[in-house]
Amino acid sequence: MSGGFEGLITVFEELKEEGFDVNHPLKWCWFFEDKGQGKLQNFGKELQGLGYNVESIVVEEDRFRMCISKTEVLTPEMLNENNNLLINMSDIHSIENYDGWDVETA
């Protein structure tokens, strides 16, 4: 995501203001898009080996969108590391688009 690490610090402060308890496990979700469903499925299998859950792979217009998740306590530093790992892995797998992340209560 753009904004880098400093932006994540701000996001965590905003999450606290919105009532999220960032010191307890939250459900973190990341999104990827590609025209190839099989490519996303293979990528998802590799991510499952790293402890991520594949929540869904759905069709949206002319492409597929995959949502993965992990329920855990993250700090801004850890989220930044996860984002960098997932971006690098999606590049290695030639996934067309890393579409960011979201968080919800576990």
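Residues numbered from 1 in each chain as written. Predicted model: local features only at pLDDT ≥ 70, side-chain atom pairs only at ≥ 80, totals over all residues. Heavy atoms only, no water.

Observations regarding the overall build of the protein
A tally of regular secondary structure across the protein gives 3 helices and 4 strands. Starting at the N terminus and ending at the C terminus, the protein contains elements arranged as α-β-α-β-β-α-β. The globule rule puts the C-alpha radius of gyration for 106 residues at 13 Å, and the 14 Å found for the protein is close to it. With the C-alpha coordinates of the protein rotated into their principal frame, the extents come out at 40 × 25 × 25 Å. Put simply, the protein has 106 residues, and 37% of those count as buried. Expressed as a percentage of contacts within the protein between residues at least 6 apart in sequence, the contacts between residues at least 24 apart total 73%. In the structure as shown, the protein presents an accessible area of about 6,000 Å², 47% of it carried by carbon and sulfur atoms. If the 8 positive side-chain charges of the protein are averaged to one point and the 21 negative ones to another, these points end up 8 Å apart. (Helix = DSSP H or I, 4+ residues; strand = E, 2+ residues; numbered from the N terminus. Rg over C-alpha atoms; globule rule 2.2 N^0.38 Å. Buried < 20%, exposed > 50% of the residue type's maximum accessible area, 1.4 Å probe, protein only. Contact = heavy atoms within 4.5 Å. Areas by Shrake-Rupley, 256 points an atom, 1.4 Å probe, with all protein chains shown as cover. Lys, Arg positive; Asp, Glu negative; His and termini not counted. Charge placed at Lys NZ, Arg CZ, Asp CG, Glu CD.)

Description of helix H2 (residues 37–48)
Over its 12 residues, H2 extends 16 Å from the first C-alpha to the last, a length consistent with the 16 Å expected when each residue adds 1.5 Å. Within the span of H2, buried status applies to Leu40, Phe43, Gly44 and Leu47. Each buried residue of H2 lies within a common arc of 105° when the element is viewed along its axis, so the set occupies one face. Against strand E1 (26–34), strand E2 (53–60), strand E3 (63–72) and helix H3 (76–92) lie the buried residues of H2. (Expected span 1.5 Å × (residues − 1). Arc of directions from axis to C-beta.)

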